[in-house]
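One letter stands for each residue in the lines below.
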Amino acid sequence: NNEWTQALAATNLSQGLIEEGQLGEALRTAQEGARLARTLPDPVLPLIALYAAGNAHQAMLGLEEARTMYRDSLEVAATLPRPWSHLIVSRLCANRALAGDREAAHRYALDSMRIRDAAPARLMWLDFVRHHETEALLRGGDEKLAREDVERFGERVEGNRRFRLIHLRMLAVLSAWDGRTREALARLQEASTLAQEIGLPGELWQIWAAIGEVYEQREEPEEANDAFSRAVQIVERLAGAIEDEALNQSFHSAPQLRRVLEATARRT
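Peer 1: Describe the overall build of the chain, listing the residues and the values that go with them.
Peer 2: The helix and strand inventory of the chain stands at 14 helices and 0 strands. Ordered by position from N to C terminus, the α and β elements of the chain give α-α-α-α-α-α-α-α-α-α-α-α-α-α. Taking 2.2 N^0.38 as the reference for a compact globule, 268 residues should give roughly 18 Å; the C-alpha atoms of the chain span a radius of gyration of 18 Å, in line with that estimate. By residue count, 53% of the 268 residues in the chain fall in the buried class. Restricting the contact set of the chain to residue pairs at least 6 apart, pairs at least 24 apart contribute 64%. Entry remark: accessible area of the chain is about 12,600 Å², with carbon and sulfur atoms responsible for 50%. Placing the 33 positive and 41 negative side-chain charges of the chain at their respective mean positions leaves the two points 3 Å apart.

The structure is reproduced here in structure tokens:
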């Protein structure tokens with residue numbers, strides 16, 4: 001009967017469910033955590049509960065819904081020590097990058113870097129979308145910052161496999177930017193192996209989609225088709241865990257996913 005514990009448990013559980021690919025259950029759990037958190041006199045719980053709900057929406061490519069959750073969470077973070085804002089700012093960078101809003105993604109990437117660099121921790125909690133920051137910095141003209149950030153992060157990862165996966169994706173972005181497609185593929189393929197071993201289907205489909213895009217750049221259609229097909233197979237398993245019909249349909253129709261589905265359809 002401890003609602004504080006229930007709210008905290010719900011937000012933490014939802015993060016694990018997202019990692020496992022149980023997206024429908026993750027959203028329901030996060031929403032219950034947010035409902036409970038709003039009734040409690042704790043400033044941190046509403047922040048992480050809204051953040052968790054945003055992450056669940058973003059995993060299903062509901063970018064506008066996620067953006068709303070993140071903005072609400074950021075309002076709460078404004079009343080807390082600045083490192084709490086990093087959770088949301090980094091995800092907003094990814095949100096805007098996925099939406100194609102490069103200018104906003106660049107702004108959020110710069111803000112995320114400033115908060116992270118001022119924090120005492122070597123690694124930030126749930127800092128799992130940094131490859132979007134790398135790309136946003138590169139596209140925004142801050143190439144030197146992007147390279148320095150990737151190098152610093154690599155020095156801090158050490159033996160942490162979850163963060164090693166993120167570093168590999170950041171390195172792949174840099175390699176692709178430099179036109180070193182063979183190296184980008186090697187980084188992404190290593191990342192796909194890690195994601196498979198850890199059990200991160202939401203990461204894995206995106207990695208295979210990225211591999212397909214690199215193969216397309218190299219004009220290797222058979223390899224591209226294989227990579228896109230692998231991505232689609234994982235996506236269909238993820239969609240099977242989204243019981244809500246409207247959410248499921250929205251997931252399938254998201255532009256970020258539709259590109260992969262269409263790429264596969266063209267080759268069948």
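Moving on from the coordinates now.
Peer 1: An account of the packing of aromatic side chains is requested, with residue identities and associated values reported.
Peer 2: Enumeration over the complete set of coordinates arrives at 3 aromatic pairs. Summarising the aromatic geometry, the rings of Tyr-51 and Tyr-70 are spaced 6.3 Å apart at their centres and angled 45 degrees between planes, so their arrangement reads as tilted. One end of the pair, Tyr-51, is in helix α3 (residues 44-59); the other, Tyr-70, is in helix α4 (residues 63-77), and 19 residues separate them in sequence. Across the pair, Tyr-70 and Tyr-51 agree in class, each one buried. Ring centres of Phe-153 and Phe-163 lie 6.0 Å apart, and the angle between their planes is 80 degrees; on these two criteria the pair is classed as edge-to-face. With Phe-153 in helix α8 (residues 143-157) and Phe-163 in helix α9 (residues 161-177), this residue pair connects regions lying 10 residues apart in the sequence. What makes Phe-163 buried here is its relative accessible area of 8%. Sitting over the ring of Phe-153, Arg-130 keeps its end group 4.1 Å from the ring centre. Positioned above the aromatic ring of Phe-128, the side-chain terminus of Arg-162 is 3.9 Å from the ring centre.

The rules behind the values
- Residues numbered from 1 in each chain as written.
- Predicted model: local features only at pLDDT ≥ 70, side-chain atom pairs only at ≥ 80, totals over all residues.
- Heavy atoms only, no water.
- Helix = DSSP H or I, 4+ residues; strand = E, 2+ residues; numbered from the N terminus.
- Rg over C-alpha atoms; globule rule 2.2 N^0.38 Å.
- Buried < 20%, exposed > 50% of the residue type's maximum accessible area, 1.4 Å probe, protein only.
- Contact = heavy atoms within 4.5 Å.
- Areas by Shrake-Rupley, 256 points an atom, 1.4 Å probe, with all protein chains shown as cover.
- Lys, Arg positive; Asp, Glu negative; His and termini not counted.
- Charge placed at Lys NZ, Arg CZ, Asp CG, Glu CD.
- Phe/Tyr/Trp six-rings, centres within 6.5 Å; stacked < 30°, edge-to-face > 60°.
- Lys NZ or Arg CZ within 6 Å of the ring centre and 35° of its normal.

Worth remembering: the numbers are spatial, not functional.
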